[in-house]
Amino acid sequence: MTRADLLVLTPETLASLANRGLVKRAEKDLAAGSGPVVTTGDDGTVRGAFPDGTETALPAGTALDAADCSCAAPGVCRHRIALVLAYQRSAPSAPEGPQAAEEPFTDWSPAEFDDDALGRALGRSSVTAARRTRDRGYTARVHRPTAGDPAPRVELPTCTVRFPVPHELGYALCDAAAPLRGEVVTLAVWAFRAADAEQVEEVTVGGRRTAPAGADEALRAAVALADELLLDGVPQAGPVFTGSLRRAEQALTAVSHHWPAGAVADLRDQLEAYAARASRYAPERLALLLAELHARHRGADRNRVGVLGTSEAPVTPLRRVRLVALGCRIGGTARDRTAETYFAHAEAGTALVLRKRWELTDYQAPTGHELSSRRLLGSPLRALATANVVSEHTARAADRTVVLSRGRIAATSITPVGSAWTELPDSLLLRDTAAHLREAGERPPRLIRPRVAAEAVRVIAVDTVDDIGYDPAGQRLEALLRDPAGNPVHLRAEYNPLCPGGLDALAADLADGQVRCVSGMLGRARGRIVLDPLAVLTSKGVTVPDFAPGEGDTSLTTIGPRPSDPITTALESALTALADAAHHGIRHLTGTSRTTLADTAAHLRRTGLHTAARLVDALTGTLHAQGATAAVPHWVAAQIHLTTSLDLHQENAPERPAAAR
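Structure report, in brief. What you see is a predicted model, and the numbers here were worked out from it, not measured in a lab.

## Digging into the sheet that holds strand 11 (residues 321–332)
Sheet strands pair via backbone hydrogen bonds, and the direction of the pair is either parallel or antiparallel.
Reasoning step 1: On the basis of which strands lie adjacent, the open sheet formed by five strands has the order 13-12-11-16-19 and antiparallel pairing. Strands with a single pairing partner mark the edges of an open sheet, and in this sheet they are strand 13 (350–359) and strand 19 (412–416). Looking at each pair of strands side by side, their axes are set apart by 30° on average, direction ignored.
Reasoning step 2: Where strand 11 meets strand 12 (residues 336–345), eight bridges bridge the pair, whose relative direction is antiparallel. In the sheet register, V324 faces strand 12, and the bridge partner there is A344.

## Considerations on helix 11 (residues 283–299)
Reasoning step 1: Its 17 residues give helix 11 an end-to-end C-alpha distance of 24 Å, which sits within 8% of 24 Å, the value for a rise of 1.5 Å per residue.
Reasoning step 2: Among the 17 residues in helix 11, 12 count as buried, and that is most of the element.
Reasoning step 3: Of the positions making up helix 11, those classed as buried are L286, A287, L288, L289, L290, A291, E292, L293, H294, A295, R296 and G299.

## Side note on the pattern of salt bridges
Reasoning step 1: This model, assessed by the stated rule, comprises 32 salt bridges.
Reasoning step 2: Here D617 and R605 are joined by a salt bridge, their closest N and O atoms 2.2 Å apart. With D617 in helix 19 (residues 610–625) and R605 in helix 18 (residues 591–607), this residue pair connects regions lying 12 residues apart in the sequence.
Reasoning step 3: According to the relative accessible area criterion, D617 is partly exposed, its value standing at 30%.
Reasoning step 4: Counted as one network, the salt bridges with shared partners bring together D266, R285, E292, R296 and R451.

## Here's the deal with the packing of helix 11 against helix 17 (residues 566–584)
Reasoning step 1: One can describe the packing of helix 11 onto helix 17 by two numbers: an axis separation of 8 Å at closest approach and a directional angle of 85°. As the angle between them shows, helix 11 and helix 17 are arranged roughly perpendicular. Residues P283, E284, L286, A287 and L290 of helix 11 pack against T576, A579, A582 and H583 of helix 17.
Reasoning step 2: Residues belonging to the contact of helix 11 with helix 17 are distributed by class as follows: six nonpolar, two polar and one charged.

## Let's talk about the environment of A508
Reasoning step 1: Assignment of secondary structure puts A508 in helix 16 (residues 502–511).
Reasoning step 2: When its relative accessible area of 47% is taken as the criterion, A508 is described as partly exposed.
Reasoning step 3: As for A508 and G523, which are separated by 15 residues in sequence, their C-alpha atoms are 24 Å apart.

## So, the pairing of strand 24 (residues 488–494)
Regular strands place their side chains on alternate faces of the sheet.
Reasoning step 1: Taken together, the seven bridges between strand 23 (residues 476–482) and strand 24 define a ladder with antiparallel strand orientation. Bridge pairing links E478 to R492 in strand 24.
Reasoning step 2: Hairpin geometry of strand 23 and strand 24 is characterised by an intervening segment of five residues between the two adjacent antiparallel strands and by a positive phi of about 90° at G486.
Reasoning step 3: Where strand 24 meets strand 26 (residues 528–538), two bridges bridge the pair, whose relative direction is parallel. Bridge pairing in strand 26 places L491 opposite L531.

## Brief notes about the environment of W259
Reasoning step 1: When you line up the elements, W259 lands in helix 10 (residues 258–275).
Reasoning step 2: When its relative accessible area of 6% is taken as the criterion, W259 is described as buried.
Reasoning step 3: Residues W259 and E292, 33 residues apart in the sequence, show an inter-C-alpha distance of 9.6 Å.

## Points about the nonpolar core
For soluble globular proteins, the rule of thumb is that nonpolar side chains tend to be buried together.
Reasoning step 1: The biggest cluster of nonpolar side chains holds 63 residues, and the ones touching the most others in it are L267, L286, L290, I586, L604, W635 and L642.
Reasoning step 2: Apart from the residues lying within four places of it in its own chain, the contact partners of L604 are A570, L571, A574, L609, A612, A613, V616 and L642.
Reasoning step 3: Of all hydrophobic cores here, the second largest spans 46 residues; its members include L323, L352, V353 and W421.

## So, unusual backbone geometry
Reasoning step 1: Backbone geometry at H167 places phi at a positive 65°, although glycine is not the residue there.
Reasoning step 2: On the secondary structure map, H167 appears in the loop between strand 7 (160–162) and strand 8 (173–174).
Reasoning step 3: Unusually for a residue other than glycine, Q475 sits at a positive phi of about 50°.
Reasoning step 4: You can see Q475 is positioned in the loop between strand 22 (464–471) and strand 23.

## Let's talk about the sheet that holds strand 2 (residues 46–49)
Reasoning step 1: Taken together, the four strands give an open sheet; going across it, the order is 1-2-3-4, and neighbouring strands pair in antiparallel fashion. The sheet terminates laterally at strand 1 (37–40) and strand 4 (68–69), the two strands that pair on one side only.
Reasoning step 2: Relative to strand 4, strand 3 (residues 55–58) runs antiparallel, the two being bridged by two bridges. In the sheet register, A57 faces strand 4, and the bridge partner there is D68.
Reasoning step 3: Across the sheet, helix 4 (residues 78–90) is in contact with strand 1, strand 2, strand 3 and strand 4; its angle to strand 3 comes to roughly 65°.

Conventions and cut-offs
- Counting of residues starts from 1 at the beginning of each chain's written sequence and follows it residue by residue.
- It should be noted that, the model being predicted, local features are given only for residues of pLDDT at least 70 and side-chain atom pairs only at 80 or more, the latter also being counted only at that level, while totals for whole chains, interfaces and linings use all residues.
- Side-chain metrics in this entry use all non-hydrogen atoms of the structure; hydrogen atoms and water are not considered.
- A pair of strands is considered paired only if DSSP assigns at least 2 bridges between the two.
- Only runs of H or I of at least four residues qualify as helices and only runs of E of at least two qualify as strands under DSSP, and these elements are numbered from the N terminus.
- Angles here are taken between N-to-C directions and fall from 0 to 180 degrees, while the axes themselves are lines fitted to C-alpha atoms, restricted in helices to the stretch in contact.
- Expected helix span is given by 1.5 Å per residue-to-residue step, counting one fewer step than there are residues.
- Here the term buried applies to any residue with accessible area under 20% of the maximum for its type, exposed to any over 50%, and partly exposed to those in between, with areas from a 1.4 Å probe on protein chains only.
- A pair is scored as a salt bridge if a Lys or Arg side-chain nitrogen falls within 4 Å of a carboxyl oxygen belonging to Asp or Glu.
- Angles below 35 degrees are treated as roughly parallel, those above 145 as roughly antiparallel, those between 65 and 115 as roughly perpendicular, and all remaining angles as oblique.
- In what follows, a contact means two residues having at least one pair of non-hydrogen atoms within 4.5 Å.
- Each residue is assigned to one class: nonpolar for Ala, Val, Leu, Ile, Met, Phe, Trp, Tyr, Cys and Pro, charged for Asp, Glu, Lys and Arg, and polar for all the others, Gly among them.
- Grouping buried Ala, Val, Leu, Ile, Met, Phe, Trp, Tyr and Cys residues that are joined through side-chain atoms within 4.5 Å yields what is termed a nonpolar core.

Set out below in structure tokens:
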């Protein structure tokens, strides 16, 4: 590391290399006059002599943890940090006045490091371990440096790697545990190589031509089960079939096909929900999962890793991490309750989710408010969902779910969130939502996208709140937010019967004029920016609507329903008909169901959706002429086409003006 590199080490970067406590201790020592006397040598070495006799040296080209220090502390100690801070304060300052300039922006790429440089800086064993991962294949998203965010970073399936010091490997930061650091930094460099070569941001590295033994068989077996369910229908699927799905899920997991395994697990959950008469069963969801398995099977030849799921380790242990809670979503059935608590991992620039499930006994029916007092990690759920969490016992899965454990005493601390939302990085706290969605670029279709939890979770800075109202037909609270850039963000919160007071609490917070930020799932619908809220930050603190008390009996200002456009109506009607066919089983379709499919095709044709109409006609024609088994591929083709068409239309179609409704 050169002297210039020492100047770019911010307190945040130093805290990532060590911890915040050491940085604060070093800053206090400097303020008290106990800092080192700094000298620099002709060879670029920066030396510090401390009043207590400790001597520290930072040779050029040496990472901070490899610097020389006469104290007995292992790793990055307070003396090393104090020497960096003292050198920064003693270095020649930039000129004052209007001509003063910040540290010049460096546009660079970690792809500049070859494998020899990786081996020297990170160790040959780390590169060897990374090669094994590359042979299996992995996905990554690269973020190139900008003037506003000068540190290149890479989002790997189970961690994030940042390069805060230009042209330096030794100061690369990652949230993986220390033994994995060299391997994941190597993978990040290779991801930049692939991204720079293809001039893209999302890449799949390696693994495209290889597949684990039995992988294709496991996927074909899962698709065959999907076809069997499509033929016979949900009412005919008993415990034996559910057991077959469980074995298929295990087989897919064994060959690291995590995304199809997740689809099979969700399919099994739908069947169990139907058997239990649970409200989470939905024929449309079932049909979507059947189509997803086929879509991933078809797309595997082009991008095996990206479509079937990374071959990275399913769970990666993380080092000491600080998470900022963003709220909680309550769900469940008559037999259980679930809580999904969302966190911002500021250092990695990503959102994570912690899941918890409680089994219910007879006569139990807790609301979200009652669940909020249950304890997780030694604290009530309501405290955890509005807290800063610092943990040394954390593991992150490839789908961005996270597991926290208390471990030894003081290994996990939970404190109120305070103003932490307003200090999140720009990748998580959005002040210009339209710019963020533009930069996100085009994503693969939903049916073959990675199954990543919390992918759309963001915090929106709020400038104003207008047009708050309740749609009785849709049981939905709506409001118009504007971010600091003036973009309209349409908030839409669905009524949750498990949290009856949620909409009342949300409406009260939105109406009091003190909203600073809203967290939630961000996306587009009918060309509009839409937010499904999780929590609200006001001057009084954070409110999680799902934890609110009350029975939902507050009188809310009503608004009229927003009618769908003809294309949306036609596509949704067709998908409903296909879902009904999947539920009953196309082998058991009645005359009425067949007539509905034929009418659906005619409706699509009148709307101008001729390809969709032709696919539905092919399904009904084949079913009549050749039977149910021959009709399965036609149902799959129609379901995939209609699902993708509806997704694209909802994301891009502009909302009609009021006069046209």
